[in-house]
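The chain contents come next:
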Amino acid sequence: MTTQTLIENRPPSVATLFAERVAATPDAEAFRFPVVAASGQGPDDWKSLSWGGTGERVFGIAAGLIDIGVRPEDCVALLSTTRIEWILADLGVMCAGGATTTVYPSTNAEESAYILADSGSTVLIAEDASQLAKVRERRAELPALRHVVVIDGTGVTADPADPEGWVLTLGELEARGARYRTSHPEAVKERIGAITADQLATIIYTSGTTGRPKGVRLPHDNWSYMAKAIAGTGLLTKDDVQYLWLPLAHVFGKVLTSGQIEIGHVTAVDGRIDKIIENLPVVQPTYMAAVPRIFEKVYNGVAAKARAGGGAKYKIFQWAADVAREYAKATQDNFRRTGSASAPFALTAKHKVADALVYSKLREAFGGRLRAAISGSAALSPDIGYFFAGAGIHILEGYGLTESSAASFVNPGEAYRTGTVGKPLPGTEVRIADDGEVLLRGPGIMEGYHGLPEKTREVLESDGWLHTGDIGELSADGYLRITDRKKDLIKTSGGKYIAPTEVEIRFKAICPFVSNIVVIGADRNFCTALIALDEPTLLGWAKEHGLAGTSYTELLRAPATVELVQGYVTRLNEGLQRWQTVKKFRLLPRDLDVEHGDLTPSLKLKRPAVEREFKHLIEEMYEGARES
């Protein structure tokens with residue numbers, strides 16, 4: 001049976017796939033998750049959950065939700081960090097026939113209430129007391145919300161203002177589910193069997209780089225297709241171990257569970273970003289997904305460590321990094337021409353030496369077994385991609401939107417090409433519009449925006465083509481390269497178009513001290529940049545240059561720091577067209593982050609927000625400049 005046939009004959013829902021997986025391999029390991037020691041000290045104790053054990057908990061949660069009144073297509077909101085209970089709850093909602101509404105745990109009370117009200121969520125599954133407090137604060141705005149289920153009840157106290165039975169713990173919900181299954185043993189099975197492909201499964205609110213978030217309606221068929229299409233790429237097998245730390249409120253994180261259910265591999269779940277470095281050698285993943293910022297930080301961290309080791313050690317690192325890039329380009333080019341990922345003898349010999357000195361240690365830091373890492377959500381600098389590729393950590397860039405259920409393109413295993421997002425998933429169509437915009441069509445495309453028919457019509461044509469808002473180029477053999485967001489393109493006052501993302505990722509590859517950069521230039525006669533520096537890396541540099549003890553704030557004002565960054569800007573400009581060059585820059589007083597509203601929860605840059613906050617610095621750079 002062909003991959004296409006499998007995809008065309010997919011079941012109506014992932015709930016059906018999940019029930020089939022539990023029945024097929026009940027004793028096989030499904031998940032690993034950490035149990036934090038009560039003292040909070042020492043290493044975590046990792047527990048394992050079989051598919052059969054997962055099924056018991058999921059079906060118990062589903063029965064509990066049915067018992068408290070959740071009907072097919074009722075929205076149940078999930079407000080939690082990435083943890084095993086998020087996945088169990090999401091599958092429980094799905095198996096009860098409900099629709100999960102995802103909310104980022106970093107979302108404030110006002111916006112959380114907006115999402116719950118807009119989606120009409122009848123139940124909220126909240127992580128802990130702090131998340132419960134958000135909805136208690138806004139309860140008057142949420143008349144449809146009948147229950148709040150708290151995953152971790154620590155610190156949850158009774159509130160006389162709560163309606164009776166309004167708050168219950170996840171344990172209490174599962175206990176209700178166990179009793180309900182005793183009296184209604186076929187209830188969950190019947191709910192799963194009644195799900196239709198076009199029935200609503202999920203509403204994911206876009207994190208919104210501008211304005212209020214829009215709810216993207218994704219029916220069950222989207223996820224069922226994704227499960228089959230991911231399996232159809234052949235990138236993963238049942239023997240893989242995935243490390244999942246991405247926010248599950250984001251479509252990129254959520255789609256990974258669909259593929260896992262179809263394939264049956266193990267997933268280790270822990271959303272604590274500060275534990276990634278510690279967890280990798282413990283989990284020893286063969287596969288993980290991440291966003292470019294993680295790879296940038298790892299690269300800059302390795303470079304900083306080498307620099308701190310002294311001049312000789314840093315020279316070895318720089319030499320090894322150059323060899324890695326040269327080797328990756330040679331092997332990828334040779335694979336494209338001959339199907340063999342080989343390199344010239346002299347380069348292979350240098351690569352072997354560099355591997356012993358540098359690359360092997362880097363792979364060990366990732367757990368020693370990583371076959372591939374998927375990178376998505378934003379563009380990865382090709383220079384950084386080639387470095388990791390040459391070091392034996394293969395980053396397969398992919399591409400998709402919330403509106404396309406996350407995964408529309410992915411690089412195909414050994415045939416991957418750094419700098420591209422690969423080829424379409426089986427069953428997905430692509431074309432490039434006259435203005436360069438990427439258009440997509442296929443079973444992963446959303447139903448539309450929740451309650452916003454006009455906004456839906458703006459991006460979704462009647463024949464199913466989705467306007468992505470991204471500018472891209474398609475090679476003759478089907479590899480896509482994304483160049484920028486359509487709305488982010490800058491037109492200078494001289495009439496030249498500039499893709500700021502292209503300039504920004506080039507700078508990130510050149511400058512190991514940068515954390516974030518925003519290129520400015522719309523309607524101006526030259527480009528400027530706002531640059532945020534990585535605090536630990538900068539402090540390490542300061543220590544090496546006789547500035548130990550100087551605070552981060554003081555360093556940002558120091559002439560030596562400005563001179564340091566100017567050197568990298570000059571290097572950047574050498575590789576750009578004249579109208580793209582950055583003529584002036586300002587160092588930001590802090591890094592850009594989610595908390596200040598500079599980045600979305602998936603770490604995408606919110607340009608308008610940054611430009612508003614630092615308007616005074618931008619105006620300062622253009623003061624007295626002659627506009628043309």
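Read on for an overview of the structure.

The rules behind these values
- Residues numbered from 1 in each chain as written.
- Predicted model: local features only at pLDDT ≥ 70, side-chain atom pairs only at ≥ 80, totals over all residues.
- Heavy atoms only, no water.
- Pairing = 2+ DSSP bridges.
- Helix = DSSP H or I, 4+ residues; strand = E, 2+ residues; numbered from the N terminus.
- Contact = heavy atoms within 4.5 Å.
- Axes fitted to C-alpha atoms, helices over the stretch in contact; angles between N-to-C directions.
- Phe/Tyr/Trp six-rings, centres within 6.5 Å; stacked < 30°, edge-to-face > 60°.
- Buried < 20%, exposed > 50% of the residue type's maximum accessible area, 1.4 Å probe, protein only.
- Lys NZ or Arg CZ within 6 Å of the ring centre and 35° of its normal.
- Parallel < 35°, antiparallel > 145°, perpendicular 65-115°, else oblique.
- Arc of directions from axis to C-beta.

Okay, the sheet that holds strand 7 (residues 167-169) next. Strand order across the open sheet formed by eight strands is 7-6-5-3-4-8-9-19, with mixed pairing between neighbours. The open sheet has two free edges, formed respectively by strand 7 and strand 19 (448-449), since each of these has just one partner strand. Bridge count between strand 3 (residues 75-79) and strand 4 (residues 99-103): five bridges; the pairing is parallel. From the neighbouring strand, Leu79 faces strand 4, where its bridge partner is Val103. Sheet contacts for helix 9 (residues 220-232): strand 8 (200-205) and strand 9 (215-219); angle to strand 9, the most-contacted strand, approximately 65 degrees.

Before going further, it helps to spend a moment on the pairing of strand 21 (residues 480-485). Sheet topology note: the strand 20 (residues 466-474)/strand 21 ladder contains five bridges and is antiparallel. Bridge pairing links Gly472 to Ile482 in strand 21. In textbook terms, the turn of a hairpin is the stretch between consecutive antiparallel strands, and for strand 20 and strand 21 this stretch comprises five residues, one of which, Gly478, has a positive phi near 95 degrees.

Let us now look at the packing of aromatic side chains. Summed over all chains, the structure comprises 14 aromatic pairs. For the pair Phe513 and Tyr568, a centre-to-centre distance of 6.0 Å together with 55 degrees between the ring planes defines the contact as tilted. Placement of the pair is Phe513 in the loop between helix 17 (500-510) and strand 24 (514-520) and Tyr568 in helix 20 (residues 559-574), with a sequence separation of 55 residues. Each member of the pair Phe513 and Tyr568 is classed as buried. Here the aromatic residues Phe295, Tyr299, Tyr314, Phe317, Phe366, Phe387 and Phe388 are joined through ring pairs into a cluster of three or more. When the ring centre of Tyr449 is taken as origin, the NZ or CZ atom of Lys214, which lies over that ring, is 5.1 Å away. Above the face of the Tyr622 ring, Arg524 is positioned so that its terminal group lies 4.2 Å from the ring centre.

Unusually for a residue other than glycine, Glu73 sits at a positive phi of about 70 degrees. Relative to the assigned elements, Glu73 resides in the loop between helix 3 (51-67) and strand 3. The backbone of Ala406 shows a phi angle near 85 degrees, a positive value even though the residue is not glycine. If you trace the backbone, Ala406 turns up in the loop between strand 14 (394-399) and strand 15 (409-410).

The next thing to look at is the packing of helix 3 against helix 7 (residues 170-183). Between helix 3 and helix 7, whose axes approach to 7 Å, the crossing angle comes to 85 degrees. Considering their axes alone, helix 3 and helix 7 lie roughly perpendicular with respect to each other. Each of Glu56, Arg57, Phe59, Gly60, Ile61, Ala63, Gly64, Leu65, Ile66 and Asp67 in helix 3 lies in contact with helix 7, whose residues at this interface are Leu170, Leu173, Glu174, Arg176, Gly177, Tyr180 and Arg181.

This paragraph deals with helix 5 (residues 109-119). Those residues of helix 5 lying buried are Ala109, Ser112, Ala113, Ile115, Leu116 and Ser119. Along helix 5, the residues classed as buried sweep out an arc of 160 degrees about the axis, all on the same side. Its buried side turned inward, helix 5 meets strand 3, strand 4, strand 5 (123-126), helix 6 (129-137) and strand 8. Gly120 occupies a position one or two residues after helix 5 and carries a positive phi of about 70 degrees.

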